[in-house]
Structures are given as structure tokens and as C-alpha cells.
Amino acid sequence: MTIYRVRVGFHNPSALTFRQLDEILEPQRFWRTEPERGQFRYFTEYEYQSDVRDLCSVCSLAYSQACRVRKCPLILVEVLS
């Protein structure tokens, strides 16, 4: 099982932006790594586990889903294990 860390960032996001992102990514099996702290920030982290997807397909999936919330997200995907 490969674990990916996915960072999703937006320019000038609101709290609603990240709430909508959580709602869209959760059915895709992305899990937020940190609970909400109530602080304003520009990005959030998720973990994604898969046996069948590679780095490029995870990045493409994260980007396409984040674009549904707000245009031009910044996506960083790292392989953890």
C-alpha cells in the first residue's frame, strides 16, 4: 500500500472553501491529516492510500477534485511509503 501526502492550496481561501474541499475529497478516500485548528491558512494536507494509483494519477485526481471547489488550486503530492 502506497501512502501519499497531498497538499492543496488556494489564493485567498475562505473557511467555506476548505469545508467544501473536505466534502468533495472524503468520498474519494482522501483523509485530512490535521484537525481544524480554527486558524486561517492557505493550504491543507490530506493522506491518500492506494495500491493501484501512481503519483501522477493521484495528483490528477486531487487537482480535478479541487478545481470543483475553486479554480487554480496548487497541488503538491509526495510519496510517504
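Everything below is about the structure printed above this text.
Think of each chain on its own: its residues are numbered from 1, step by step along the sequence as written. Since the coordinates come from a predicted model, pLDDT governs what is reported: local features require at least 70, and pairs of side-chain atoms require 80 or more to be given and counted, while whole-chain, interface and lining totals use all residues. As a rule here, side-chain values come from all non-hydrogen atoms in the structure, and water together with hydrogens is ignored.

Chemist: Even after reading the chapter, I still don't get the sheet that holds strand β1 (residues 2-9), so can you show me in this structure?
Modeler: Sheet strands pair via backbone hydrogen bonds, and the direction of the pair is either parallel or antiparallel. Think of it this way: DSSP has to see at least two bridges between two strands before they count as a pair. Note on conventions: DSSP H or I runs of at least 4 residues are helices, E runs of at least 2 residues are strands, and numbering of each starts at the N terminus. Ordered in space as β2-β3-β1-β4, the 4 strands form an open sheet in which the pairing is antiparallel. At either margin of the open sheet sits one strand with a lone partner, and together these are β2 (30-32) and β4 (74-79). Strand-to-strand twist in this sheet, taken as the mean axis angle between neighbours without regard to direction, amounts to 30°. Sheet topology note: the β1/strand β3 (residues 43-50) ladder contains 8 bridges and is antiparallel. Its bridge partner lying in β3, Arg5 is registered against Glu47. In what follows, a contact means two residues having at least one pair of non-hydrogen atoms within 4.5 Å. A fitted line through C-alpha atoms serves as each axis, taken over the contacting stretch for helices, and the angle formed by two N-to-C directions is quoted from 0 to 180°. Together, β1, β2 and β3 form the strand contacts of helix α1 (residues 15-25), whose direction differs from that of β3 by roughly 5°. Sitting on the sheet, helix α2 (residues 55-67) touches β1, β2, β3 and β4, and the angle it makes with β4 is about 150°.

Chemist: Help me out: how do you make sense of the pattern of salt bridges in this one?
Modeler: Oppositely charged side chains can pair when the atoms bearing their charge come close. The term salt bridge refers to a side-chain nitrogen of Lys or Arg lying within 4 Å of a carboxyl oxygen of Asp or Glu. Per the stated rule, a full pass over the model turns up 3 salt bridges. Note that Arg5 and Glu78 form a salt bridge whose closest N and O atoms lie 3.0 Å from each other. Taken together, the residues Arg5 in strand β1 and Glu78 in strand β4 connect sequence positions 73 residues apart. Residue burial is assigned from relative accessible area. The probe radius is 1.4 Å, only protein chains are included, and a residue is buried under 20% of its type maximum, exposed over 50%, and partly exposed in between. In this structure Arg5 comes out as partly exposed when scored by relative accessible area, which is 27%. A relative accessible area of 31% means that Glu78 is categorised as partly exposed.

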